[in-house]
Amino acid sequence: MEYGYYPGCSLTGSAKKLDRGVRRICEKLGHSLTEIPDWNCCGALEYGDRNELLSISGENLRKARGMCKEIVVPCPACYKNLKDADPDRSFNILSPLELLNPGNLSQIGQKRDLKGKVFFPYYGCLLMRPEGSAIRNKNIMEDAISAFGGDIDGEKMRDRCCGGNQLFLNKWATEKLSNLILSRSRGTVVVFCPFCHMAMKTFAVGRKVIYLTDLLLYVMGENNSL
Amino acid sequence: MKEKDHEIVFKHTGYRREDFSVCVGCKICASVCTVNDLDIAVNPQELLLRLFLGQEIGKEDPLVRYCTSCYRCAGACPWKIRIPEVVRAVKESLGMEALFEKAFKKSLNIWGRVYEPFVVVMAAPDLLKGGYIKHMPKWMEYAGFHLPHKVKRLKPLNASEGLDPSEKGRS
Ligand code: SF4
Ligand code: SF4
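Participant: Can you lay out the overall build of chain A for me, pointing to particular residues and giving the numbers?
Facilitator: Secondary structure summary: chain A contains eight helices and eight strands in total. Computed over C-alpha atoms, the radius of gyration of chain A comes to 17 Å, within 12% of the 17 Å expected from 2.2 N^0.38 for 226 residues, which places it in the range of a compact globule. Along the first, second and third principal axes, the C-alpha set of chain A runs to 50 × 45 × 30 Å. Expressed as a percentage of its 226 residues, the buried residues of chain A come to 66%. Pairs at least 24 apart in sequence give 68% of the contacts found in chain A among residues at least 6 apart. About 7800 Å² of surface is accessible on chain A, with carbon and sulfur atoms providing 48% of the total.

Participant: How would you sum up the sheet that holds strand 8 (residues 209–211) of chain A? Please name residues and give values.
Facilitator: Residues and elements named next belong to chain A. Sheet architecture is open: four strands sit in the order 6-5-7-8, paired in parallel fashion. Both outer strands of the open sheet, strand 6 (151–152) and strand 8, are each paired with one neighbouring strand and no more. Both strand 7 (residues 188–191) and strand 8 contribute to a ladder of three bridges, which runs parallel. When the sheet's bridge partners are listed, Val-191 is paired in strand 8 with Tyr-211. Here helix 7 (residues 194–203) sits on the sheet in contact with strand 7 and strand 8, set at roughly 165° to strand 8. On top of the sheet, helix 8 (residues 212–219) reaches strand 5 (118–121), strand 7 and strand 8; it is set at about 80° to strand 8, its chief contact.

Participant: Mind laying out the site of ligand 1, listing which residues take part and the relevant values?
Facilitator: In the region of ligand 1, the neighbouring residues are Cys-33, Thr-34, Val-35, Leu-63, Cys-67, Thr-68, Ser-69, Cys-70, Tyr-71, Arg-72, Cys-73 and Pro-84 of chain B. Of the residues in the shell around ligand 1, the class split is eight nonpolar, three polar and one charged.

Participant: Quick rundown of the packing of aromatic side chains? Include the residues and the values.
Facilitator: A full pass over the atoms with the stated rule returns 11 aromatic pairs over all chains. For the ring pair Phe-168 of chain A and Trp-139 of chain B, a centre distance of 5.8 Å and an interplane angle of 70° mean the geometry is edge-to-face. Of this pair, Phe-168 of chain A sits in the loop between strand 6 and helix 6 (171–183) while Trp-139 of chain B sits in helix 10 (residues 136–139), on two different chains. Residue class for Phe-168 of chain A comes out buried when judged on its relative accessible area of 17%.

Participant: So what about the site of ligand 2? Which residues, and what values?
Facilitator: All names here are of chain B. In the neighbourhood of ligand 2, 14 residues make up the surrounding shell, with Cys-23, Cys-26, Lys-27, Cys-29 and Cys-77 lying closest. Of all the secondary structure elements, the ones that give two or more residues to the shell around ligand 2 are helix 2 (28–32) and helix 3 (44–53). In terms of residue class, the shell around ligand 2 is built from 11 nonpolar, two polar and one charged.

Participant: Requested: an account of the pairing of strand 7 of chain A, with residues and values cited.
Facilitator: All names here are of chain A. Burial along strand 7 is two-sided: Thr-188 and Val-190 and Val-189 and Val-191, pointing in opposite directions, are all buried. Bridge count for strand 5 against strand 7 is three bridges, and the pairing is parallel. Considered in strand 7, the bridge of Phe-120 is made with Val-189. Of the crossover connections in this fold, the one passing from strand 7 over helix 7 to the parallel strand 8 is right-handed.

Participant: Would you mind going over the sheet that holds strand 2 (residues 32–35) of chain A in detail, with residue names and values included?
Facilitator: The strands making up a sheet associate through hydrogen bonds between their backbones, and the pairing can be parallel or antiparallel. All names here are of chain A. Sheet architecture is open: four strands sit in the order 2-1-3-4, paired in parallel fashion. Looking along the sheet, the strands with just one partner apiece sit at the ends: strand 2 and strand 4 (92–94). Across this sheet, the average inter-strand angle for adjacent strands is 35°, counted without regard to direction. Two elements, strand 1 (residues 2–5) and strand 3 (residues 70–72), share two bridges in a ladder whose sense is parallel. By the bridge assignment, Gly-4 is partnered in strand 3 with Ile-71.

Participant: Break down the interface of chain A and chain B for me, with residues and values.
Facilitator: In this assembly, 58 residues from chain A lie in contact with 57 residues from chain B. When chain A packs against chain B, the two sides together hide about 5300 Å² of surface, and 55% of this comes from carbon and sulfur. Together, Glu-46, Arg-50 and Phe-168 of chain A form the three largest contributors to the area buried by chain A at its contact with chain B, with a combined 14%. Run the count over chain A and chain B and you get four salt bridges. Two residues, Asp-37 of chain B and Arg-160 of chain A, come together in a salt bridge whose shortest N-O distance is 2.6 Å. Scanning the region where chain A abuts chain B turns up 27 residue pairs in polar contact (both at pLDDT 80 or more). Mapped by element, the contributors of at least two residues to the side of chain A that touches chain B are helix 1 (8–12), helix 2 (16–28), helix 3 (50–64), helix 4 (76–84), helix 6 and helix 7 of chain A. No other element matches the nine residues that helix 3 of chain A contributes to the side of chain A that touches chain B. Split into classes, the residues belonging to the side of chain A that touches chain B amount to 24 nonpolar, 15 polar and 19 charged.

Participant: Lay out helix 6 (residues 83–93) of chain B in plain terms, naming residues and giving numbers.
Facilitator: Residues and elements named next belong to chain B. Of all 11 residues in helix 6, 10 are buried, a share of seventy percent or more. Along helix 6, the residues that are buried comprise Ile-83, Pro-84, Glu-85, Val-86, Val-87, Arg-88, Ala-89, Val-90, Lys-91 and Ser-93. Following helix 6 by one or two positions, Gly-95 has its phi on the positive side, about 65°.

Participant: Can you break down the packing of helix 6 of chain A against helix 7 of chain A residue by residue, with the values?
Facilitator: Residue and element names in this part refer to chain A. Running from N to C, helix 6 and helix 7 point in directions that differ by 85°, and their axes come no closer than 9 Å. In terms of orientation, helix 6 and helix 7 fall into the roughly perpendicular class. Seen from helix 6, the contacting residues are Lys-171, Thr-174, Glu-175, Ser-178, Asn-179, Ile-181 and Leu-182; seen from helix 7, they are Ala-199, Met-200 and Phe-203.

Conventions adopted
- Residues numbered from 1 in each chain as written.
- Chains lettered and ligands numbered in written order.
- Predicted model: local features only at pLDDT ≥ 70, side-chain atom pairs only at ≥ 80, totals over all residues.
- Heavy atoms only, no water.
- Helix = DSSP H or I, 4+ residues; strand = E, 2+ residues; numbered from the N terminus.
- Rg over C-alpha atoms; globule rule 2.2 N^0.38 Å.
- Buried < 20%, exposed > 50% of the residue type's maximum accessible area, 1.4 Å probe, protein only.
- Contact = heavy atoms within 4.5 Å.
- Areas by Shrake-Rupley, 256 points an atom, 1.4 Å probe, with all protein chains shown as cover.
- Pairing = 2+ DSSP bridges.
- Axes fitted to C-alpha atoms, helices over the stretch in contact; angles between N-to-C directions.
- Near = heavy atom within 4 Å.
- Nonpolar A, V, L, I, M, F, W, Y, C, P; charged D, E, K, R; others polar.
- Phe/Tyr/Trp six-rings, centres within 6.5 Å; stacked < 30°, edge-to-face > 60°.
- Right-handed = clockwise from strand over helix to strand, strands pointing away.
- Buried area = accessible area lost by both parts, 1.4 Å probe.
- Salt bridge = Lys/Arg side-chain N within 4 Å of Asp/Glu carboxyl O.
- Polar contact = N/O pair within 3.5 Å; in protein donor to acceptor, adjacent residues only side chain to side chain.
- Parallel < 35°, antiparallel > 145°, perpendicular 65-115°, else oblique.

Right under this line is the structure:
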């Protein structure tokens with residue numbers, strides 16, 4: 001399939017690793033991604049003015065018009081904003097997670113398994129809520145981990161908020177919220193959101209924090225370690 | 001924030017004062033709110049009620065200070081009221097934006113994209129005071145050098161043109 005691609009600001013900066021992973025996995029699944037030309041920021045979670053936020057996000061959709069109908073958007077904040085800016089659903093806005101399903105996981109070419117390892121699949125907020133803009137396959141991380149033989153822990157914490165967007169405003173708040181989640185789960189933390197990655201990474205002691213794409217690349221034999 | 005400033009919140013969120021009369025006071029929003037884990041005094045419903053009644057809203061309100069925009073409330077509310085957007089609008093009209101948020105928007109105004117090194121440098125005074133230095137070793141993987149990219153076609157952000165007025169307030 002051919003998709004438009006909206007990386008968003010963090011995937012060209014602090015979350016470059018997620019960008020590389022998404023591109024590689026899409027390639028493996030036989031999808032081609034074409035970046036929306038000259039895209040701009042989606043507004044993230046910074047704008048108090050909804051109209052301004054939607055017009056910034058909407059600008060990206062204008063740039064994508066005529067080029068594609070389906071847009072892959074990895075960052076959960078961008079994903080939500082782009083969906084909100086398109087109330088008529090003239091585009092099919094997809095998280096890369098929605099390109100995965102238990103059936104096509106085998107197509108990525110498994111070279112290693114995850115037997116004996118424990119993982120905590122952590123989705124955070126914006127992939128799961130609000131219902132109108134959430135991903136459809138809400139168990140995909142669990143499905144992927146179990147498909148390759150890994151064990152799962154911390155189910156109850158999977159959609160709690162890590163407070164990632166308060167990290168540079170009220171650090172103690174993020175620390176408290178992240179620690180709550182970490183203390184009630186075990187194993188390697190698997191995330192998809194750049195905010196969650198940063199918050200978890202900052203406060204996790206003695207635990208690894210990885211993107212789901214890192215895990216898949218490991219299974220494919222391309223990442224040497226987890 | 002006094003009653004006259006409430007208008008800014010309505011303008012920013014696309015809600016009208018009377019839209020908040022649908023709130024049934026069930027407090028589901030308060031019971032699921034993430035800020036509950038930080039401060040038991042949070043109550044999104046009270047914030048909406050204050051806006052509806054035209055009462056004063058203070059900067060000290062824990063919800064206004066710590067809301068994480070997690071949308072738990074909006075997902076659980078029977079009316080799907082977009083509470084985090086209301087909170088963000090309140091913050092903006094109270095002039096509570098932190099240095100980090102200002103830097104973020106400034107970057108967007110200059111380049112149309114967020115250029116993270118710029119945001120970090122602009123917000124440095126807050127970051128230095130806030131004890132972030134000790135996290136630096138863990139953040140090394142985020143560091144990297146690249147030049148900013150300037151977006152060509154983005155209109156100035158404060159140009160009010162953009163959305164069709166009929167689209168305002170749609171969720
Ligand atoms: S979005 Fe804000 S008000 Fe709503 S549940 Fe999350 S922290 Fe509470
Ligand atoms: S959940 Fe919705 S209806 Fe219930 S108190 Fe909160 S805002 Fe009002």
